[in-house]
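Survey of secondary and tertiary structure
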Amino acid sequence: MRRRRGSALALACVTLVVAPLGGCGGDGEPAAGAEAVAEGSGPRLVKVVTLDEPSFLAEAPGTGGALYVAERGGRVRLVRPNGVVERRPVLDLSGEITTEGEGGLLSLALDPDFERSRLMYVYYAGRDRRIVIASYRLTPDGEAVEEGSGREMVSIPHPNFVH
């Protein structure tokens with residue numbers, strides 16, 4: 001299940017590389033450009049990318065493994081299948097959100113028909129003390145949201161951001 005594997009990456013920002021196991025087909029070596037963080041026999045941690053407080057990620061279907069990663073501070077970043085993080089955020093909501101308490105850009109999801117619709121949904125704590133779910137349409141290359149495509153779908157007043 002790809003989403004489960006991806007969630008672990010978002011929470012820890014590292015990949016656990018396990019020593020070769022029967023039937024896995026890997027040689028236990030880190031991916032090209034990956035930096036070993038801990039040495040020794042058995043499992044080891046490998047730094048894959050550097051992100052700012054990742055809170056969630058989703059794998060984009062039909063892209064060979066591209067990931068959209070929500071950062072708590074309000075940016076959505078595109079991580080290419082080769083591990084390269086695009087310099088420019090796909091979406092920047094940093095002026096709209098608060099990171100007070102447990103606030104921030106907390107989640108994202110891709111539409112079930114993402115390959116056709118190009119819709120991404122985000123969940124965040126707004127500066128105006130609201131919980132918001134909004135949708136955005138991505139450009140055909142998936143590197144940005146289309147101008148004017150943002151649509152607030154749900155808005156719930158929320159006096160504090162401690163759950």
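Please refer to the structure higher up on the page.
Residues numbered from 1 in each chain as written. Predicted model: local features only at pLDDT ≥ 70, side-chain atom pairs only at ≥ 80, totals over all residues. Heavy atoms only, no water.

**Details of the pattern of salt bridges**
The line we're drawing: By definition, a salt bridge exists where a carboxyl oxygen of Asp or Glu is found within 4 Å of a side-chain nitrogen of Lys or Arg. The buried label goes to any residue with under 20% of its type's maximum accessible area, the exposed label to any with over 50%, and the partly exposed label to all in between, with areas taken from a 1.4 Å probe on protein chains only.
Considering all chains together, one arrives at 9 salt bridges under this definition. The shortest N-O distance in the salt bridge between Glu-71 and Arg-75 comes to 2.9 Å. For Arg-75, a relative accessible area of 26% gives the class partly exposed. If you follow the salt bridges from partner to partner, you end up with Glu-71, Arg-75 and Arg-77 in one network.

**Re the nonpolar core**
Rule in force here: Each nonpolar core is a collection of buried residues, namely Ala, Val, Leu, Ile, Met, Phe, Trp, Tyr and Cys, held together in the definition by side-chain atoms within 4.5 Å. Only runs of H or I of at least four residues qualify as helices and only runs of E of at least two qualify as strands under DSSP, and these elements are numbered from the N terminus. Note on contacts: a residue pair is in contact if any heavy atoms of the two residues lie within 4.5 Å.
Within the largest apolar cluster, 22 residues are counted, with the highest numbers of intra-cluster contacts made by Tyr-68, Val-76, Met-120, Val-122 and Tyr-124. Those elements that place two or more of their residues in this core are strand S5 (67–71), strand S6 (75–79), strand S8 (105–110), strand S9 (119–125) and strand S10 (130–137). Discounting chain neighbours no more than four positions away, the residues touching Val-122 are Val-76, Leu-91, Leu-93, Leu-105, Ser-107, Leu-108, Val-132, Ile-133, Ala-134 and Tyr-136. With 6 residues, the next largest nonpolar core counts Val-49, Leu-51, Leu-57 and Val-79 among its residues.

**Considering the sheet that holds S8**
What counts here: Strand pairing is assigned whenever DSSP detects at least two bridges linking the two strands. What counts as an axis is a line fitted to C-alpha atoms, over the stretch in contact for a helix, and the angles between N-to-C directions run from 0 to 180 degrees.
Pairing is antiparallel across the open sheet formed by 4 strands, whose spatial order is S8-S9-S10-S11. Since the sheet does not close on itself, it has two edges, and those belong to S8 and strand S11 (151–157), each with one partner. With direction set aside, neighbouring strand axes in the sheet form an average angle of 15 degrees. Pairing of S10 with S11, which is carried by 6 bridges, proceeds in the antiparallel orientation.

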